[in-house]
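What follows is each chain in one-letter form.
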Amino acid sequence: MDTIIEKQQVAAAVRAVIPHLACELPPDVEAALARALEAETNPRGRAVLAQLVENARIAREDNVPLCQDTGTVWVSLEVGPGVLVAADVFADVDAAVAEAYETARLRKSLVRDALLDRTNTGDNTPAFCDVHPVADRGVARLHVMLKGGGSDNASRVVMLPPSAGCAGIVEEVLACVREKAANACPPLVIGVGVGATFDKVAGLAKRALMRPLDEQTLDADTAAFERELLDAVNATGIGPGGLGGSATAIGVRVETAPCHIAALPLAINMGCSAMRRATIDLAAG
């Protein structure tokens with residue numbers, strides 16, 4: 001029998017998870033910060049990491065936001081064969097976001113139009129939603145992320161020539177890190193998308209950020225490239241808070257896709273030290 005995902009189910013999940021995301025770091029991110037603190041030798045880097053670990057504890061125990069920028073709401077629904085989704089599956093999400101932000105007293109940061117009307121919408125809507133098909137039968141996973149402006153501002157999309165290869169991707173990631181990482185509240189989680197088309201590659205990078213830091217990719221070559229990128233980023237010495245140290249990033253995640261023979265699309269999506277994301281299995285409910 002097919003699984004049916006209703007709009008009310010999606011909205012309820014979004015409404016319930018937002019207050020927790022705003023105030024509680026995912027366990028894998030908090031653990032990675034603690035490991036970075038243990039390994040950091042730079043005194044200023046250690047001081048920043050100690051403050052981030054303490055901030056996470058206070059936010060969780062006192063139920064207050066991890067960061068004053070409580071972000072835009074990104075919602076991505078992954079569905080596999082055997083899952084039915086109505087065209088209006090996200091119809092109630094904006095109301096859920098507005099209610100959650102008001103009830104939890106979170107900062108509202110959305111403007112009505114990026115170019116023509118930069119007045120605040122007053123309720124942190126609209127949410128930015130998409131449906132993403134996957135091959136796994138019966139899967140209905142809802143990804144929710146609260147994305148701060150500082151980290152998104154530090155991101156970029158580049159259309160490289162195919163000859164750039166892995167070395168060119170490393171070079172572009174490092175250029176982005178050197179130019180913008182200090183403004184994105186490091187240590188970072190960096191999502192890297194490679195492939196697809198100009199409009200799709202940024203989605204790859206955003207989805208890459210959803211993979212937990214304690215969950216490795218099954219592809220050995222991709223895992224090796226993630227380690228190479230992480231080592232290169234941390235060798236910059238930018239460090240926690242941009243004040244120096246070895247923990248410029250606590251994770252790099254790479255998602256790849258096919259692309260045109262003449263192209264090598266690359267997207268780099270920075271995630272700050274307040275990496276607020278959750279995945280909810282709707283099929284299990």
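Parameters and conventions
- Residues numbered from 1 in each chain as written.
- Predicted model: local features only at pLDDT ≥ 70, side-chain atom pairs only at ≥ 80, totals over all residues.
- Heavy atoms only, no water.
- Axes fitted to C-alpha atoms, helices over the stretch in contact; angles between N-to-C directions.
- Helix = DSSP H or I, 4+ residues; strand = E, 2+ residues; numbered from the N terminus.
- Parallel < 35°, antiparallel > 145°, perpendicular 65-115°, else oblique.
- Left-handed = near helix turned anticlockwise from the far one by under 90°.
- Contact = heavy atoms within 4.5 Å.
- Nonpolar A, V, L, I, M, F, W, Y, C, P; charged D, E, K, R; others polar.
- Polar contact = N/O pair within 3.5 Å; in protein donor to acceptor, adjacent residues only side chain to side chain.

Chemist: Whenever I open this one, the packing of helix α1 (residues 7-23) against helix α4 (residues 93-103) confuses me. Can you help?
Modeler: Two quantities define a packed helix pair, namely the angle between the axes and the distance from one axis to the other. Their axes nearest at 8 Å, the elements α1 and α4 cross at an angle of 25°. In terms of axis orientation, α1 runs roughly parallel to α4. The way α1 lies across α4 gives a crossing that is right-handed. Counting all contacts with α1, which are made through V10, A11, V14, R15, I18 and P19, the residues of α4 involved are V93, A96, V97, E99, A100 and Y101. When its residues are assigned to classes, the contact of α1 with α4 shows ten nonpolar, no polar and two charged.

Chemist: Would you mind showing me how to read unusual backbone geometry here?
Modeler: What you tend to see is this: most non-glycine residues have negative phi, and most peptide bonds are trans. Put simply, T125 and P126 share a cis peptide bond, and its omega is 10°. Along the chain, P126 falls in the loop between β5 (117-120) and β6 (128-133). Along the chain, P186 connects to P187 via a cis peptide bond; the corresponding omega equals 15°. With respect to the helices, strands and loops of the structure, P187 is situated in the loop between α6 (165-180) and β9 (188-196). In this structure, C185 takes a positive phi of about 60° despite not being glycine. With respect to the secondary-structure elements, C185 resides in the loop between α6 and β9.

Chemist: How should I be thinking about the side chain of R211 in this particular structure?
Modeler: By the element assignment, R211 lies in the loop between α7 (198-208) and α8 (220-234). At a separation of 3.5 Å, a polar atom in the side chain of R211 contacts the main-chain carbonyl oxygen of E215. A polar side-chain atom of R211 sits 3.5 Å from the main-chain carbonyl oxygen of V254. Discounting chain neighbours no more than four positions away, the residues touching R211 are Q216, T217, E226, R253, V254, E255 and R277.

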